[in-house]
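# Structural features, examined
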Amino acid sequence: MVKINDVARAAGVSPATVSRVVNGRGKVGDACRARVQKIIQELGYKPNASAQSLVNRHTTNVGLITPKISMEFFGNLAAGAEVSARAVGYSLLICNSLYEEESEIAAIESLHAKGCESIILHSDYLTDKQLIELSERYKGLVIINRYIPKIASRCVWFDNVASTAQIVDLLARKGHEAIAVATSIYQNRDPQLRLLGVRQGFMMQGLTFNDNLLVESTANLEGGKACAQELIQRDEHFTAVIAYNDLMAVGVIHELVKNGYKVPEQVSVVGFDDSAMCKACLPTITTIKYPIEEMAEYAVKLAIDLAKDATTPENKTHLFTSSMIERESVANAPSN
């Protein structure tokens, strides 16, 4: 393989001069440039693409930073980003932050040091102020699944509040008033916003929210089971359960059926995300479709445009809305 030093020796110049000719940077005389280019052609020298990228501070890579790629939600996010990146000839680099703000910042710095300027970040724990400061330092940074008014033009987000209010509307139209909520114990934004949406939904429907029907646990199958167990032990009347996500909804259904409840004849259950398990569960689960793959595809395009200075208007928002997927786990409220 021909190396840059081979070209330099044949042309009678330094490797730095060859580098300047290859990258089109720095001052090189016309005669010298022509000689070097002739030697490059004769020897068949091909510059190292990675080295050129670092010199030019740009690579055809898109960085994606997620809390935990092994979770289905973030796996779907990565799948959407991969599709969009490949479509424009880019590769996707993935970093796991493991829900640590220091790891999120370190991942951004590491990706940028490698010449990756288009970066998509899913952050739950960095403050708005920190993210605003980071966006000022990294022009191709896009925040996904979060809305910060000051940097709205680089936020790709989803309306959790309106979506959960939509669930209350569905249940109210089917005659449900005693509605329980199984929420996530984690104090990040999504659980807070979804619970806010539930409360707003109750107000819009003229219903009274019963705090005794609010339970919380981990946002997984076991957490859903634990929430259902607690609801049963509290001995409060309820005809429907809104689960924080589909995993919790499956756990709720499992525990209710185990304790003799019929779903949906006695208790309706609604999930959130529209994950694959919704169609596999019996009964199939009514849920909110979270368009995370579509959001990721859009975020990749936005990050690349921002890195290339093809900026969007400062007042433009990138909001994705939900759709209700009605299946078998919701029925009219029982008459008794």
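Sequence order as written defines the numbering, with residues in each chain counted from 1. Local features in this predicted model are restricted to residues whose pLDDT is 70 or higher, and side-chain atom pairs enter the listing and the counts only when it is 80 or higher, whereas totals over whole chains, interfaces and linings include all residues. The basis for every side-chain value is the complete set of non-hydrogen atoms in the structure, without hydrogens or water.

Here we come to the nonpolar core. In plain words, nonpolar cores are sets of buried Ala, Val, Leu, Ile, Met, Phe, Trp, Tyr and Cys residues tied together by side-chain atoms within 4.5 Å. Only protein chains enter the accessibility calculation, which uses a 1.4 Å probe. A residue is then buried if its area is under 20% of the maximum for its type, exposed if over 50%, and partly exposed in between. Of all hydrophobic cores here, the largest spans 44 residues; its most connected members are Val62, Ile120, Ile144, Val156, Ile167, Leu171 and Met295. Per the convention used, a helix needs a DSSP run of H or I reaching at least four residues, while a strand needs a run of E reaching at least two, with both numbered from the N terminus. Here this core takes nine residues from helix α13 (residues 292–307), the largest share from any one element. Here, residues are in contact when the closest pair of their heavy atoms is within 4.5 Å. Aside from chain neighbours lying at most four places away, what touches Val156 is Val142, Ile143, Ile144, Asn145, Arg146, Met295, Tyr298, Ala299, Leu302, His318 and Phe320. In this structure, Ala180, Ala182, Ala219 and Met248 belong to the second largest nonpolar core, which totals 24 residues.

In this section: helix α1 (residues 4–11). Residues of α1 that are buried include every one of Val7, Ala8 and Ala11, and no others. The buried residues of α1 all sit within an arc of 100 degrees when viewed along its axis, so they share a single face. A positive phi of about 70 degrees marks Gly12, the residue just after α1. By construction, the arc corresponds to the directions joining the helix axis to the C-beta atoms.

Another point: empty space enclosed by the protein. A 1.4 Å probe that fits into a set of points on a 1 Å grid over the protein atoms alone but cannot get out defines a cavity; an open set with protein on both sides within 12 Å along at least five of seven lines defines a pocket, and lining residues are those with an atom within 4 Å of a point. Grid points are joined across faces, edges and corners, and a volume is the space filled by probe spheres set on the points. Taken as a whole and judged by the stated rule, the model has one cavity of 30 Å³ or more. The computed volume of the largest cavity comes to approximately 70 Å³. The wall of the largest cavity is formed by Thr164, Val181, Ala182, Thr183, Arg194, Leu195, Val198, Ile242, Ala243 and Tyr244. Those elements giving two or more residues to the lining of the largest cavity turn out to be β6 (179–184), α9 (189–205) and β8 (240–243). Across the lining of the largest cavity, the residue classes break down as seven nonpolar, two polar and one charged. Gly is put with the polar residues, along with every residue not named as nonpolar or charged; the nonpolar set is Ala, Val, Leu, Ile, Met, Phe, Trp, Tyr, Cys and Pro, and the charged set is Asp, Glu, Lys and Arg.

A few words on unusual backbone geometry. A cis amide bond, omega 15 degrees, links Val263 with the succeeding residue Pro264. Mapped onto the secondary structure, Pro264 falls in the loop between α11 (246–258) and β9 (268–270). The backbone of Tyr99 shows a phi angle near 60 degrees, a positive value even though the residue is not glycine. Locating Tyr99 in the fold gives a position in the loop between β2 (91–96) and α6 (101–113). Its relative accessible area of 31% is what places Tyr99 among the partly exposed residues.

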